[in-house]
Amino acid sequence: SFYYGTFPAGFLWGVGSSAYQTEGAWDKDGKGPSIWDAFTHRKGKVLRNETGDSACDGYYKVKDDIQLLKELKVNHYLLSISWPRIMPTGIKAEQLNEKGIQFYNDTINSLLENNITPIVSLYHWDLPQVLQEKYGGWQNISMINYFNDYANLCFEKFGDRVKHWITFSNPWAVAEKGYETGEHAPGLKLGGCGAYKAAHHIIKTHAKVWHSYNNTWRREQGGMVGISLTSGWGEPVDPHSQTDRDAAERYIQFHLGWFANPIYRGDYPEVMKNYVGRKSAQQGLGTSRLPTFSVQEKTYIKGTSDFLGIGHFTTRYVLQKNFPFLQVSSYHTDHDLAELVDPNWPAPGPKWLYSVPWGFRRLLNFIKTQYGNPLIYVTENGMSETVQCPQLCDEWRIQYLKGYINEILKALNDGVNVKGYTAWSLLDKFEWNKGFSERFGLYHIDFKNKNKPRYPKASVDYYKKIISANGFPNPREVENWHRKAMDTCSATHQHLAADSLITHMEMVTEIVLPTVFTLCILISIVLLIFYLRNHS
């Protein structure tokens, strides 16, 4: 049932984005290549071979996009820094890019001048390509020191103004999609070992950066350092079945617990160690494919998060499914489970994203119980659409935001320590291996127009009302928001249609007229030759 009420005073509302997905300018002003530049430039890696080379042109549109943030009346903006933009090879001793540093300085200053708090992620997947080529990226332990150097440079250059730092955004995807399935950059398929090894180095790196901040910068700057973990919720198909309940527990532990357990409890979840260890032994391996932490490392890693960032999009029903040990080992067969969905769950966008708001409250309560009720910021939550024609009247996104934000309100009443919410995302942007086919933005971008204009969807108006009211005051007011949002989007749609027509006409003018002109000249030359021949 829907719960009407408001959030505590001081609750933070925001939106987010990431560098590679929005900035563009992939090789401008001294920026070095990232693994995503290299990956998207290889044919067949991304739908329709699209790239983030120009993305949303965010590098050139900082002022425009801050205007959108002001329009939304958000408290904070979650952005990421592109490591190769400020350190082209990823190695501090080799080269710094002052223009890149200046770009982020200007962005941070502009946000603060407009009373918007920057929440900054140090890593949203764009590893410098040089580190991938030289060392194998996150497969190599040397990344720990290189990343720590980069993080310390960011603390030095921006830490006087940035007080909320995220070390890694969704490291699960970095490890699993980058080094297990190869769907994401760097595109490696190191089945059964690659993801665990990458995650192991990322967790150690996170801890090192937290300690660096704690020992060197905290007293002077007074900020916080956390990590952002993305996880769905796993609900047992049969809640009365112990095997299904155990499978659902494994689902969470192999996603969220993989990273959260070492940081909050000092080691990998027992169930992960048991399952991966047993399967490794069945394969005849001398040691588990899941690496181990030494006693010193466990102590060093435990407690290294001032807050927990949570990304959450959807839920799955989970049941036990045994995978024979003869199969090729993989992260996906290690946890012996199958995922199902309810066909009645709304899924207006891509096939993986079902709207199941009640799963969010359960996930938040799980975190409260498992990890000692840590301070939580919701860092990513949103719905995408896959239709190719512009959809500004995004009724489904309004329903999604309404449902999921309401579950956070219920979780707060359960005693969960949530302090802020970040809608994902500000703009339609480059969605990794899906290219521009999935659109998460509150603002629509016309990517066919060279100016990449932004248009508010109905969800902008609705989210703005939630922020202003700090929640859901009463049924009549909330219903009124919905009506007004849908009215506003109709007018914007007409504006977009007119602009699209102009853009189309400009393209026709730019392409057709020169072509016709060239043909006229060629025909004239041919006629002239005929004429001269006949008269000679």
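Residues numbered from 1 in each chain as written. Predicted model: local features only at pLDDT ≥ 70, side-chain atom pairs only at ≥ 80, totals over all residues. Heavy atoms only, no water.

**Describing the packing of aromatic side chains**
The geometry of an aromatic ring pair comes down to the distance between the two centres and the angle between the two planes. As a reminder, the rule being used: Stacked, edge-to-face and tilted are the three classes for Phe, Tyr and Trp ring pairs, Trp counted by its six-membered ring, which pair at centre distances within 6.5 Å; planes under 30 degrees apart are stacked, over 60 edge-to-face, the rest tilted. Partly exposed residues are those whose accessible area sits between 20% and 50% of the maximum for their type, while under 20% is buried and over 50% is exposed, using a 1.4 Å probe and protein chains only. Each helix is a run of H or I in the DSSP string that is no shorter than four residues. Each strand is a run of E no shorter than two, and both are numbered from the N terminus.
Taken as a whole and judged by the stated rule, the model has 54 aromatic pairs. On the basis of an interplanar angle of 40° and a centroid distance of 4.5 Å, the ring pair of Phe 7 and Phe 11 is categorised as tilted. There is no split in this pair, since Phe 7 and Phe 11 are both buried. Ring centres of Phe 147 and Phe 168 lie 4.7 Å apart, and the angle between their planes is 20°; on these two criteria the pair is classed as stacked. Pair noted here: Phe 147 is in helix 7 (residues 143–158) and Phe 168 is in strand 5 (residues 164–169), with a separation of 21 residues, a long-range link. Residue Phe 147 is classed as buried on the basis of its relative accessible area of 0%. A residue is classified by how much of its surface remains accessible, and Phe 168, at 0% relative accessible area, is buried.

**Remarks on the pattern of salt bridges**
Cut-off, in case you're wondering: Here, a salt bridge means any side-chain nitrogen of Lys or Arg that lies within 4 Å of a carboxyl oxygen of Asp or Glu.
Here the structure, examined in full by the defined rule, presents 30 salt bridges. Put simply, Lys 28 and Asp 27 hold a salt bridge, and the shortest N to O gap is 3.2 Å. Judged by its relative accessible area of 39%, Lys 28 falls in the partly exposed class. It is possible to trace a salt-bridge network through shared partners that takes in Glu 385, Asp 394, Arg 397, Asp 428, Arg 439 and Lys 457.

**Observations regarding the nonpolar core**
Selection criterion: Residues enter a nonpolar core if they are buried and are Ala, Val, Leu, Ile, Met, Phe, Trp, Tyr or Cys, with the set joined through side-chain atoms within 4.5 Å. Here the limits of each domain have been adopted from an automatic or database domain assignment. Contacts are residue-level and defined by heavy atoms, with any inter-residue pair within 4.5 Å sufficient.
One finds Trp 138, Trp 165, Trp 258 and Tyr 463 to be the most contacted residues of the largest nonpolar core, which totals 145 residues. Here this core gathers at least three residues from each of two domains, domain 1 (5–473) and domain 2 (475–535). With residues near it in sequence (within four places) discarded, Trp 258 still touches Trp 172, Ala 175, Ala 195, Tyr 196, Ala 199, Ile 203, Gln 253, Tyr 268, Pro 269, Met 272 and Tyr 331. Leu 78, Ile 119, Ile 166 and Leu 375 belong to the second-largest nonpolar core, a separate cluster that totals six residues.

**As for helix 14 (residues 358–370)**
The criterion, for reference: To estimate how far a helix should extend, the number of its residues minus one is multiplied by 1.5 Å. In this description, the arc belongs to the directions extending from the helix axis to the C-beta atoms.
A rise of 1.5 Å per residue sets the reference length of helix 14, with its 13 residues, at 18 Å; its end C-alpha atoms lie 19 Å apart and thus fit the reference within 8%. Every buried residue of helix 14 is accounted for by Gly 359, Phe 360, Leu 363, Leu 364, Phe 366 and Ile 367. Down the axis of helix 14, the buried side of the element spans an arc of 155°, and every buried residue falls inside it. Just beyond helix 14, the residue with positive phi is Gly 372, at close to 75°.

**Brief notes about the domain arrangement of the protein chain**
Using the following cut-off: Two parts placed together each lose some accessible area; with a 1.4 Å probe, that loss summed over both constitutes the buried area. For this analysis, a polar contact is any N or O atom pair within 3.5 Å, provided that within protein one partner can donate a hydrogen and the other can accept it, and provided that sequence-adjacent residues contribute only side-chain to side-chain pairs. Gly falls in the polar group here, along with every residue not listed as nonpolar (Ala, Val, Leu, Ile, Met, Phe, Trp, Tyr, Cys, Pro) or charged (Asp, Glu, Lys, Arg).
Domain parsing of the protein chain yields domain 1 (5–473) and domain 2 (475–535). A separation of 38 Å is found between the C-alpha centroids of domain 1 and domain 2. Roughly 1,800 Å² of surface becomes buried between domain 1 and domain 2 when both sides are summed, with 71% attributable to carbon and sulfur atoms. For the pair domain 1 and domain 2, the interface holds one residue pair in polar contact (both at pLDDT 80 or more). For the side of domain 1 that touches domain 2, the secondary structure elements donating two or more residues are helix 15 (395–413), strand 14 (454–456), helix 16 (458–469) and strand 15 (471–472). At six residues, the largest contribution of residues to the side of domain 1 that touches domain 2 is made by helix 16. When grouped by side-chain class, the residues that make up the side of domain 1 that touches domain 2 number 12 nonpolar, four polar and seven charged.

**Overview of the UniProt feature "active site" (unreviewed entry) in the protein chain**
Note the following rule: UniProt positions are given in the numbering used here, feature names are shortened, and annotations may be inferred rather than shown by experiment.
Per the UniProt record, the feature "active site" (unreviewed entry) sits at Glu 380. Looking at the secondary structure, you find Glu 380 in strand 11 (residues 376–380). Residue Glu 380 is classed as buried on the basis of its relative accessible area, which comes to 7%. Apart from residues no more than four positions distant in its own chain, Glu 380 is found in contact with His 124, Ile 310, Gly 311, His 312, Phe 313, Thr 422 and Trp 424.

**Describing the pairing of strand 9 (residues 315–320)**
The line we're drawing: The rule for pairing is simple: two strands pair if DSSP sees at least two bridges between them.
Here strand 7 (residues 233–236) runs beside strand 9; their pairing, made up of four bridges, is parallel. Its bridge partner lying in strand 9, Gly 234 is registered against Arg 316. In terms of strand pairing, strand 9 meets strand 10 (residues 337–340) through four bridges, oriented antiparallel. Bridged to Gln 320 within strand 10 is Leu 337.

**Examining the state of the cysteines**
Applied cut-off: In this description, a disulfide is simply a cysteine sulfur pair whose atoms lie within 2.5 Å.
The final tally for this structure, using the stated rule, is one disulfide. The disulfide that involves Cys 393 links it to Cys 489, with 2.0 Å between the sulfurs. Measuring the twist about the S-S bond at about 105°, one finds the Cys 393-Cys 489 disulfide to be right-handed. Of the two residues, Cys 393 is situated in the loop between strand 11 and helix 15 and Cys 489 in helix 17 (residues 475–535); the sequence distance between them amounts to 96 residues. A relative accessible area of 23% places Cys 393 in the partly exposed class. The buried category is assigned to Cys 489, whose relative accessible area is 1%.

**Structural notes on the sheet that holds strand 7**
Let me state the cut-off plainly: Here the axes come from fitting lines to C-alpha atoms, over the contacting stretch only for helices, and the angles between their N-to-C directions go from 0 to 180 degrees.
One open sheet accounts for three strands, arranged 7-9-10; its pairing is mixed. In the strand order of this sheet, the two ends are held by strand 7 and strand 10, each with one partner. Averaged over neighbouring strand pairs, the angle between their axes works out to 40° when direction is ignored. Packed on one face of the sheet, helix 10 (residues 242–265) meets strand 7, strand 9 and strand 10 and runs near 130° to strand 9. Sheet contacts for helix 14: strand 7 and strand 9; angle to strand 7, the most-contacted strand, approximately 100°.

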